Amino acid sequence: MTSSNAFPMFSCLGNVLNEIWIKTEDAGNFDAWNTPNIYDYCTKLSDYELFYSEFQEFRFSIKACSNVFIHLSSSANFKSPNFYEIAIGSNNGKNSNLRRKFGTGDSYAKLTLGITSCIDFKEFTLTWSGDGHIQMKDSSDNSVIDWTDISPFNITGLGIRTGWGITGTWKIEFKGQYTGHFCGKTNLYGNMTLLRTTTAINSVFCSTLCSTSGTCFGFNFNKNNQECQLIAGGQVMTTYQRPDWKLYSKCLIGRSVCMGCL
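Residues numbered from 1 in each chain as written. Predicted model: local features only at pLDDT ≥ 70, side-chain atom pairs only at ≥ 80, totals over all residues. Heavy atoms only, no water.

This part is about the nonpolar core. In terms of nonpolar packing, the biggest core is built from 35 residues, with Phe 58, Phe 60, Ile 70, Leu 72 and Ile 86 touching the most fellow members. Examining the composition of this core, we find that four residues originate from one element, strand 4 (residues 57-64), more than from any other. Those residues in contact with Phe 58 that sit more than four places away from it in its chain are Leu 45, Tyr 52, Ile 70, Phe 124, Thr 125, Leu 126, Trp 128, Leu 158, Ile 160 and Ile 172. Residues Cys 206, Phe 219, Leu 230 and Tyr 248 belong to the second largest nonpolar core, which totals nine residues. (Core = buried A, V, L, I, M, F, W, Y, C linked by side-chain atoms within 4.5 Å. Buried < 20%, exposed > 50% of the residue type's maximum accessible area, 1.4 Å probe, protein only. Helix = DSSP H or I, 4+ residues; strand = E, 2+ residues; numbered from the N terminus. Contact = heavy atoms within 4.5 Å.)

Okay, here's the thing in structure tokens:
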């Protein structure tokens, strides 16, 4: 089994990307304590062309009742036994823990009652450094995790997960700027809320309409009847196969971070 019942969403101000929302489904009753290949159950952020290792900081908000997990790996593709697993709201929402590698138990544990919420987003900042210091704080600057590995390894991959019966919605801070590029996928249709529907002589004209709108995520275009459907941002991306249609989405860092083409 692999991660992936995860669904992305853009949140934009104009054509500037402020954050990406990702919904993670229940990955099952697994953690680093009982599952050696726990990394296979994570949603890798690199799959969305999001890379945090060089910044050594991860800012996010999470809405989940309990059992939220962050995976810091020594491998960009996650296939490594060297990792740190951070659990937020483990033990039915009571604790927060950090585990180093499979089967080693808790390297750090703390009672954190009310750390997660089924209703509200809870905001956190996770940082790490080359000397092995890993720290996570909440929105009030309270320490949730504060631990130093005396034999640290380099972190190059980051993943997220919810489990033990819990689904979660993540708001991940990421700054990007639309620079005029789109990517497209043939025979794919974006089944999402539309800003407007019009007729365009070709996809280039349709892309021009979307480019000038700060609330446009991308568009569906049908070359047979020249129908152009502008898709609104700020919603979970839902697609399905549909002949004669092509889904285009804005790219927000050069030609990358194009959610419709991942």
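Looking now at the side chain of Ser 117. Within the secondary structure, Ser 117 is located in strand 9 (residues 117-128). For Ser 117, a relative accessible area of 13% puts it in the buried group. Among the polar contacts listed, one links the side chain of Ser 117 to the backbone nitrogen of Ile 119, at a separation of 3.1 Å. Each residue touching Ser 117, except ones within four places of it in the same chain, is listed here: Lys 63, Ala 64, Cys 65 and Lys 122. (Polar contact = N/O pair within 3.5 Å; in protein donor to acceptor, adjacent residues only side chain to side chain.)

In this section: the sheet that holds strand 17 (residues 227-232). Reading across the sheet, the five strands line up as 14-18-16-17-15 and stay open at both edges, with antiparallel pairing between neighbours. Lying at the two open borders of the sheet, with one neighbouring strand each, are strand 14 (182-190) and strand 15 (194-199). Here the strands of the sheet are splayed against their neighbours by 25° on average, with no regard to which way each runs. Bridge count for strand 16 (residues 216-222) against strand 17 is six bridges, and the pairing is antiparallel. Bridge pairing links Gly 218 to Ile 231 in strand 17. The strands touched by helix 2 (residues 203-211) are strand 14, strand 15, strand 16, strand 17 and strand 18 (239-250); relative to strand 16, the strand with the most contacts, the crossing angle is about 160°. (Pairing = 2+ DSSP bridges. Axes fitted to C-alpha atoms, helices over the stretch in contact; angles between N-to-C directions.)

Summed over the entire model, instances satisfying the criterion amount to three disulfides. Shown here is the disulfide that connects Cys 65 with Cys 118, its sulfur atoms set 2.0 Å apart. Judged by the torsion about the S-S bond (135°), the Cys 65/Cys 118 disulfide is right-handed. With Cys 65 in the loop between strand 4 and strand 5 (68-73) and Cys 118 in strand 9, this residue pair connects regions lying 53 residues apart in the sequence. Residue class for Cys 65 comes out partly exposed when judged on its relative accessible area of 35%. Note on cysteine connectivity: Cys 206 is disulfide-linked to Cys 228, with sulfurs 1.9 Å apart. (Disulfide = S-S within 2.5 Å.)

Turning next to unusual backbone geometry. You will see that Asn 67, though not glycine, has its phi angle at about 50°, which is positive. Within the element layout of this structure, Asn 67 appears in the loop between strand 4 and strand 5. In this structure, Asn 91 is a non-glycine residue whose phi angle is positive, near 55°. With respect to the helices and strands, Asn 91 occurs in helix 1 (residues 90-93). Among the residues examined, Asn 91 registers a relative accessible area of 44% and is labelled partly exposed.

Residues of helix 2 that are buried include every one of Ser 203, Cys 206, Ser 207 and Cys 210, and no others. Angularly, the buried residues of helix 2 cover 100° about the axis, an arc narrow enough to put them on a single face. For helix 2, the elements touching its buried residues are strand 14, strand 16, strand 17 and strand 18. Two or three places before Val 204, at the opening of helix 2, Asn 202 has a side-chain oxygen 3.1 Å from that residue's backbone nitrogen. (Arc of directions from axis to C-beta.)

In this section: the packing of aromatic side chains. Per the stated rule, a full pass over the model turns up 12 aromatic pairs. Judged by centre distance (5.6 Å) and plane angle (40°), the ring pair of Phe 60 and Trp 170 falls under tilted. Linking Phe 60 in strand 4 with Trp 170 in strand 13 (residues 168-177), this pair joins segments that are 110 residues apart in sequence. Trp 170 shares its class with Phe 60; the two are buried. With 4.4 Å between their ring centres and 15° between their planes, Tyr 84 and Phe 153 make a pair best called stacked. Of the two residues, Tyr 84 sits in strand 6 (residues 83-89) while Phe 153 sits in the loop between strand 11 (143-148) and strand 12 (157-162), which places them 69 residues apart along the sequence. Residues Tyr 84 and Phe 153 agree in their burial class; the two are buried. Taken together, the ring pairs in this structure connect Phe 58, Phe 60, Phe 124 and Trp 170 into an aromatic cluster. For the cation-ring pair, Arg 161 lies above Phe 69, with the distance from its terminal atom to the ring centre recorded as 4.0 Å. (Phe/Tyr/Trp six-rings, centres within 6.5 Å; stacked < 30°, edge-to-face > 60°. Lys NZ or Arg CZ within 6 Å of the ring centre and 35° of its normal.)

Note that every value here comes from positions in space, so none of it alone points to a role or purpose.
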